[in-house]
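Each chain is listed here by its residues.
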Amino acid sequence: MKSTRHVRFALFVAALASATSGAIAIAQTVSLKPPTAADWDALAKLPDFTGVWETGGGPAPQRGGARAGAPGDAAAPAGNRGAGAQTAPARGRQGAGAGGGRAGGPSLTPEYAAKRAALLANPPEDSPAANCLPPGMPGIMGQPYPMEFLLTPGQVTILIEAYNQIRHIYTDGRKLPDDPDPTFYGTSVGRWDGDTLVVDTVGFSPITQIANGVPHSDKMRIAERFRLADPDTMSIETTITDPEALTAPFTSSRTLRRHRNWTLAEYICEENNRNSVDQSGKAGINLAPPKQK
Amino acid sequence: MKRTMRLISGLTAAGLIAAASGVVQAHHSFAPFDMANQKTVTGTVKQVEWTNPHSWIWLDVANEQGVVEPWGFEGMSPNYLARRGWTRTTLKVGDRITVAYRPLRDGSKGGMFVSTKLADGRMLTMSGATTTDR
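From a predicted model like this one, the values you see are computed outputs, not experimental measurements. Throughout this description, residue numbers start from 1 for each chain and increase along the sequence as written. Chains carry letters and ligands carry numbers; both start at the beginning, A for chains and 1 for ligands, and go up in the order they are written. Reporting in this predicted model follows two pLDDT cut-offs: at least 70 for local features of residues, and 80 or more for side-chain atom pairs to be given and counted; totals over whole chains, interfaces and linings ignore these cut-offs and use all residues.

J.: Even after reading the chapter, I still don't get the overall build of chain A, so can you show me in this structure?
T.: A count of helices and strands for chain A gives 3 helices and 10 strands. The way it works is that DSSP assigns letters per residue, a run of H or I at least four long becomes a helix, a run of E at least two long becomes a strand, and they are numbered from the N terminus. Of the regular secondary structure in chain A, the N- to C-terminal order runs α-α-β-β-α-β-β-β-β-β-β-β-β. Whether a residue is buried, exposed or partly exposed follows from its count of other C-beta atoms within 10 Å of its own C-beta, namely 20 or more, 12 or fewer, or something in between, respectively; the C-beta atoms are built from the backbone. Buried positions account for 31% of the 293 residues belonging to chain A. If you take every contact in chain A between residues at least 6 apart in sequence, the share linking residues at least 24 apart comes to 58%. Working definition of a contact: two residues with C-beta atoms, positioned from the backbone, lying within 7 Å.

J.: Can you walk me through the overall build of chain B in this structure?
T.: A count of helices and strands for chain B gives 3 helices and 6 strands. Along chain B, from the amino end to the carboxyl end, the secondary structure elements read α-α-β-β-β-α-β-β-β. Burial status across chain B gives 45% buried among its 134 residues. Within chain B, contacts between residues at least 6 apart in sequence are counted, and of these 61% link residues at least 24 apart.

J.: Quick question: what am I supposed to make of the pairing of strand β2 (residues 56-62) of chain B here?
T.: Moving residue by residue along a regular strand, the side chains alternate between the two faces of the sheet. All names here are of chain B. With 5 bridges joining them, strand β1 (residues 39-49) and β2 adopt antiparallel strand pairing. Paired with V45 across the bridge in β2 is L59. Two strands qualify as a pair provided that DSSP identifies no fewer than 2 bridges between them. Between β1 and the antiparallel strand that follows it, β2, lie 6 residues. One ladder, built from 7 bridges, connects β2 with strand β3 (residues 68-74); its direction is antiparallel. In the strand pairing of β3, I57 is matched with F73. Turn length for the β2-β3 hairpin, with the two strands adjacent in sequence and antiparallel, is 5 residues, and the turn residue G66 shows positive phi of about 85°.

J.: What am I meant to see in the nonpolar core here?
T.: If you look at soluble globular proteins, the nonpolar side chains tend to sit buried side by side. A:I210, B:I57, B:F73 and B:F113 are the most contacted members of the largest nonpolar core, which has 59 residues in total. Sort the elements by how many residues they give to this core and β2(B) lands first, with 4 residues. Any nonpolar core is a set of buried residues, restricted to Ala, Val, Leu, Ile, Met, Phe, Trp, Tyr and Cys, that join up through C-beta atoms within 7 Å.

J.: I keep staring at unusual backbone geometry and nothing clicks. Help me out?
T.: As a rule of thumb, non-glycine residues mostly have phi less than zero, and peptide bonds are mostly trans rather than cis. In the segment running from A:M137 into A:P138, the intervening peptide bond is cis, with an omega of 0°. Relative to the assigned elements, A:P138 resides in the loop between α3 (110-121) and β3 (147-152). Cis geometry marks the peptide bond from B:N52 to B:P53, where omega comes out at 0°. Of note, B:P53 is situated in the loop between β1 and β2. A positive phi angle, close to 75°, is found at A:C132, a residue other than glycine. Tracing the sequence through the fold places A:C132 in the loop between α3 and β3. Positioned with a positive phi, A:Y163 is a non-glycine residue whose angle comes to about 65°. By secondary structure assignment, the location of A:Y163 is in the loop between β4 (155-160) and β5 (165-170).

J.: Help me understand the pairing of β1(B) in this model?
T.: Direction of pairing for β1(B) relative to strand β4 (residues 96-103) of chain B: antiparallel, over a ladder of 6 bridges. Residue pairing in the sheet places B:K39 in a bridge with B:Y101 of β4(B).

J.: In this structure, what is going on with α3(A)? I would like to understand it.
T.: One turn of an α-helix holds 3.6 residues; hence residues three or four places apart share an orientation. All names here are of chain A. An expected span of 1.5 Å times one less than the residue number is assigned to each helix. With 12 residues, α3 should reach 16 Å at 1.5 Å per residue; the first-to-last C-alpha distance of 16 Å fits that figure. For α3, every residue scored as buried is listed here: Y112, A113 and R116. Taken down its axis, α3 places every buried residue within 105° of arc, on the same side. Exposed residues lying more than 90 degrees from the buried face of α3 are P110, E111, A114, A118 and A121. Here the arc refers to the set of directions running from the helix axis out to each C-beta atom.

J.: In this structure, what is going on with the environment of A:G284? I would like to understand it.
T.: The topology assignment puts A:G284 in the segment after β10 (250-259). According to the C-beta neighbour criterion, A:G284 is partly exposed, with 17 such atoms within 10 Å. Apart from the residues within four sequence positions on either side, A:G284 is in contact with A:S276, A:D278 and B:P32.

J.: I keep staring at the confidence of the model for chain A and nothing clicks. Help me out?
T.: Parts of the prediction with low pLDDT should not have their coordinates interpreted in detail. Residues and elements named next belong to chain A. Within a predicted model, pLDDT stands for the predictor's per-residue confidence, ranging from 0 to 100. Of all residues in chain A, 72% have pLDDT values of 70 or greater, and the mean over the chain is 79. Here residues 17-29 scores under 50 on pLDDT; set against residues more than four positions off or in separate chains, the count is 0 contacts. Low confidence marks residues 58-102, where pLDDT is under 50. Its contacts with residues over four positions away, or in another chain, come to 104 contacts.

So this is what it looks like as structure tokens:
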């Protein structure tokens, strides 16, 4: 009896060790393959996404047409700064529909339309951002601060100035996880479709929102297509699907403008956050004067 | 010099609103502020906190009895302002300025910074076009 239990335990440990080592082996085949000189050379053939990009900067230029603005051109209307996103014309079935989404916004299922209505009827004084939590995906891509793209073998990295955030997009051929942990940015894989970086992302924290006031389910997926519309203008088309929250895919587009001379600044949100929200959800201002140096 | 010129640009009401909207998207609660109202107050710059997630401009303001009280004004973040011509020393300790601001709903001494006129007559706002060199 006792020995049987021991055997069972030993088998269990062996199985666990086997499963664990198997998982490690899989991860190693992806992440530990050293890049070759050819891998680095191949990057030079990809579109040049490097550098710091300002969100906004007006609508995307027509292909082959006039540019939206020269680098440093101050002509972009102020109203286009910040959000830098315009919702695209509805695709296919998307429309006013049953969702109750605003015109041009996501078309919501009745359940999520009700959630949004409840939120609007009794709006919280603030979002988690007031306590310095980042918006996560997709909101983090629409902040009024720039982002920087890094291309290395097997990975595209997006450094986002707001909240000092980082997105890792793996382009080494790995698959998306079946059961990802929910995170602010999700888990992303990418591939190059000609000159377009195609990114798929899954697994989002419930804190993130599809759009302002619109929660998502754990089935939300975000597809993004990044391409250079002209040498210093990047076009990003974002399509969000969520079978529980949305009645149709929600597509929006934004443009980024490259500034070769810019560098990312640091953004430590907790440095001096004087407008936090307390546990009751009430927003407050800390007006205690700073200590004199 | 270029930055100085940028300071003067973009003084439209739309620009101000755009800047304020930017705050919302980045990090903010508007709840404590009365965004429909604008007031002015005059005082002496005590300190500028060039910090994230927002800058704060602190003034010494004399009340009706002549007692000096601290007032605080919240502004955009340093990265945002730096690309629109500000530096951490654009406003200097001891500068006497009049600040236009969105008041706090509870009447506390402070608000959200909108603009100020500098001693040389230039208007200083937190909106406007970005520079090319930051």
